[in-house]
Amino acid sequence: MASNANAAGGMNLGKFAQATELRQRIWFTLGALIIFRLLSFVPLPGIDPVSLAQVVDITQDNTGGGGILNVFNTFSGGSLERMSIIALGVMPYITASIVVQMAAALSPTLNAIKKEGESGRKKLNQYTRYGTVGLTAVQGYFLAVGLETLATAQGQQVIVSDSIMLFRLGAVISLVGGTMFLMWLGEQITSRGVGNGVSLIIMAGIVAQMPTELIQLFASGQTGAIPTGYVVGFLALFLALIFGICFMERAQRRVLIQYPKRAQQRGGMTQEKSHLPLKINTAGVIPPIFASSLLLMPLTVAQFLSGGVTDTASTSNELLLTITNALGRGGSLYLALYAGLIIFFCFFYTAVVFNPEETADNLKRYGGFIPGIRPGERTAEYLDYVLTRITVVGAAYLTLICLIPEFLSTQAGIQAFVLGGTSLLIVVNVTIDTVSQIQSHLLAHQYGDLIKKAKLKGGGQRR
């Protein structure tokens, strides 16, 4: 047994060493991710890094690390707290892409463009790029204004530019250029590297933040700020969540598909069978990202508008503080709304990405059918019924994965968004997808070698 395993491992390493194209793709991917990390340390023009660090520290102390800014900062690998030229990361591109996908599913005009094939896909990608530029410009402007508000409220001089409008204009242009460059870099990784480029960029940002938060967690345990038992339990939960995510992301419901019997050359009849795989979690990581963004948006706006003040003399400040307290991370209202939004987006996005009627029509066109179910409308109804049932399981799984770390970390006083359910979902999903693509490249290389050997052998026999 051990010798067979060692032989298999040596053979896999030998195949990997022979796969020159795969090695080049991996090196290209690593080089692109290194460029992404280097850009995260290039600050926006007109910012004093020392004063900015003080503002960030004070803001985190006052808010406890809450707000959507912490989400953006995690996904951008800490670029937001350093106000680098890629502070917004690829989140505007992801938001624009999801909006275009939903619009294509709901709008007959965009749906017709989507069905045009490659030309339609290029048009939708162009719409996504336009949306990315617009979203980045709007978010960049409000980010610059919010930075000025926070710095003024805390008595810091972050902006070193003489003209405020010139700083805002430079910040918007720099942020738009940084996000568009990351979008282009992600497309290059997808075409010339291994894995999905945009997903790998997000994962690289999250992984880059993990060592810092783990060090802070251990330091809090050593100083007694957090009980040692809580730290050990949180790490055990962290590992258990990884195994649970790996299991559920690979889980699927296979629907049996049969095709009409066909006559063989020797006079017999054969019937082909296949399976239609339906993932338990069809929506992926979209529901937690959208839910956290929508839920933390009011909290972040309230923090920006209040400027960190605690004076409740005015009605506006009292309202802002009420919103901030009610939607604080870890509270019962926050957890209830978070769970509700995750469940809603699970069903909504699943309905967008999977069309039972279209799938039933495709099966009917190629002669496929589900045993015991009539082709056409009854097949669509059956697929919708099965998909609804497994989406209930997927929504419950996502809700538990996201809420359990949120609740326990709040109870223990641990502010570690990187170690939360959403971040783990992204890291595990991207890792599984990347490993699958590497295995596909190795299989393609192996089959290519077999085909070459077969051709050489056939040519030798003919001679």
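Above this text is the structure in question.
Fair warning: this is a prediction, and the values are worked out from it, not measured in the lab.

Calculation notes
Residues numbered from 1 in each chain as written. Predicted model: local features only at pLDDT ≥ 70, side-chain atom pairs only at ≥ 80, totals over all residues. Heavy atoms only, no water. Helix = DSSP H or I, 4+ residues; strand = E, 2+ residues; numbered from the N terminus. Buried < 20%, exposed > 50% of the residue type's maximum accessible area, 1.4 Å probe, protein only. Contact = heavy atoms within 4.5 Å. Areas by Shrake-Rupley, 256 points an atom, 1.4 Å probe, with all protein chains shown as cover. Salt bridge = Lys/Arg side-chain N within 4 Å of Asp/Glu carboxyl O. Phe/Tyr/Trp six-rings, centres within 6.5 Å; stacked < 30°, edge-to-face > 60°. Lys NZ or Arg CZ within 6 Å of the ring centre and 35° of its normal. Axes fitted to C-alpha atoms, helices over the stretch in contact; angles between N-to-C directions. Parallel < 35°, antiparallel > 145°, perpendicular 65-115°, else oblique. Left-handed = near helix turned anticlockwise from the far one by under 90°. Patch = residues over 30% accessible without salt bridge, like charges linked within 9 Å, V, L, I, M, F, W, Y side chains within 5 Å. Lys, Arg positive; Asp, Glu negative; His and termini not counted. Charge placed at Lys NZ, Arg CZ, Asp CG, Glu CD. Core = buried A, V, L, I, M, F, W, Y, C linked by side-chain atoms within 4.5 Å. Domains from an automatic or database assignment. Expected span 1.5 Å × (residues − 1). Arc of directions from axis to C-beta. Nonpolar A, V, L, I, M, F, W, Y, C, P; charged D, E, K, R; others polar.

Undergrad: When you look at the overall build of the protein chain in this model, what are you seeing that I'm missing?
TA: Along its length, the protein chain carries 16 helices and 4 strands. Relative to its 463 residues, the protein chain shows a buried fraction of 43%. Long-range contacts, defined as pairs at least 24 residues apart, comprise 76% of the intrachain contacts of the protein chain with a sequence gap of at least 6. Carbon and sulfur atoms form 63% of the exposed surface of the protein chain, whose accessible area is close to 24,500 Å².

Undergrad: Sorry if this is basic, but what is going on with the side chain of Glu 249 here?
TA: If you trace the backbone, Glu 249 turns up in helix α10 (residues 228-250). Setting aside anything within four residues of it in sequence, one finds Glu 249 in contact with Lys 279, Asn 281, Tyr 397, Leu 425, Asn 429 and Ile 432.

Undergrad: Hey, could you run me through the pattern of salt bridges in this one?
TA: Pairing of side chains with opposite charge becomes possible as their charged atoms draw close. Under the defined criterion, the tally for this structure stands at 6 salt bridges. Across the pair Lys 123 and Glu 116 runs a salt bridge whose closest N-O atoms are separated by 3.5 Å.

Undergrad: Help me understand the packing of aromatic side chains, please; the structure alone is not making it clear to me.
TA: For any two aromatic rings, the description comes down to two numbers: the centre-to-centre distance and the angle of the planes. One pass over the full model with this rule turns up 4 aromatic pairs. An angle of 35° between the planes, with centres 5.8 Å apart, marks the rings of Phe 181 and Trp 184 as tilted. Of the two residues, Phe 181 and Trp 184 both sit in helix α8 (residues 164-192), 3 residues apart, roughly one turn of that helix. For Trp 184, a relative accessible area of 44% corresponds to the partly exposed category. Three or more aromatic residues joined by ring pairs form one cluster here, namely Phe 344, Phe 345 and Phe 348. Note that Arg 82 overlies the ring of Phe 41, its terminal NZ or CZ placed 4.1 Å from the centroid.

Undergrad: Honestly, the environment of Ala 351 in this entry has me stumped. Any pointers?
TA: Mapped onto the secondary structure, Ala 351 falls in helix α13 (residues 332-353). By relative accessible area, Ala 351 is classed as exposed at 55%. Between the C-alpha atom of Ala 351 and that of Ala 105, which follows or precedes it by 246 residues, the distance is 9.1 Å.

Undergrad: What exactly am I supposed to notice about the packing of helix α9 (residues 197-223) against α10 here?
TA: Direction vectors running N to C along α9 and α10 enclose 150°, while the axes themselves pass 8 Å from each other. Looking at the two axes, α9 sits roughly antiparallel to α10. Considering how the two elements wind past one another, α9 and α10 form a crossing that is left-handed. Across the interface between the two elements, Met 210, Leu 214, Leu 217, Phe 218 and Gly 221 of α9 pack against Thr 228, Val 231, Phe 234, Leu 235 and Phe 238 of α10.

Undergrad: How do you make sense of a negative patch on the surface when you look at a structure like this?
TA: Taken together, the side chains of Glu 357, Glu 358, Asp 361, Glu 377 and Asp 384 make up a negatively charged region of the molecular surface. The set of elements that each furnish at least two residues to the negative patch consists of α14 (356-365) and α15 (377-412). In terms of residues, the negative patch owes the most to one element, α14, which gives 3 residues. Here Glu 358 is to be found in helix α14. Residue Glu 358 is classed as partly exposed on the basis of its relative accessible area of 43%.

Undergrad: Explanation requested: the nonpolar core in the structure shown.
TA: Grouped burial of nonpolar side chains is what soluble globular proteins tend to show. Counting residues in each nonpolar core, the largest one holds 70 residues, and the members touching the most others are Ile 202, Tyr 338, Ile 342, Leu 425 and Ile 426. It is α15 that provides the largest number of residues to this core, a total of 10 residues. Both domains that meet at this core, namely domain 1 (23-223) and domain 2 (226-261 + 271-453), each give it at least three residues. Setting aside residues up to four positions removed in sequence, Tyr 338 forms contacts with Pro 288, Ala 291, Ser 292, Leu 295, Cys 402, Leu 403, Glu 406 and Thr 422. The next biggest cluster of nonpolar side chains, apart from the first, holds 19 residues, and it includes Met 83, Leu 143, Leu 150 and Phe 167.

Undergrad: Which parts of the structure should I look at to understand α13?
TA: Two residues of an α-helix separated by three or four positions point the same way, owing to the 3.6 residues in each turn. End to end, α13 covers 32 Å across 22 residues, agreeing with the expected 32 Å (1.5 Å per residue, within 8%). For α13, every residue scored as buried is listed here: Tyr 334, Leu 335, Tyr 338, Ala 339, Ile 342, Phe 345, Cys 346, Tyr 349, Thr 350 and Val 352. Seen along its axis, α13 keeps its buried residues to an arc of 160°; they face one direction. Opposite the buried face of α13, at more than 90 degrees from it, the exposed residues are Ser 332, Ala 336 and Ala 351.

Undergrad: Before we go on, may I ask you to explain the packing of helix α5 (residues 91-106) against α13 in this structure?
TA: Packed helices, taken two at a time, are described by their axes: the angle between them and the distance between them. Where α5 meets α13, the closest approach of the two axes is 9 Å, and the angle between their N-to-C directions is 65°. Where α5 crosses over α13, the two elements pack in a sense that is left-handed. Here Ile 98, Gln 101, Met 102 and Ala 105 of α5 come into contact with α13, specifically with Phe 348, Tyr 349 and Val 352. Of the residues that constitute the contact of α5 with α13, the class distribution is 6 nonpolar, 1 polar and no charged.

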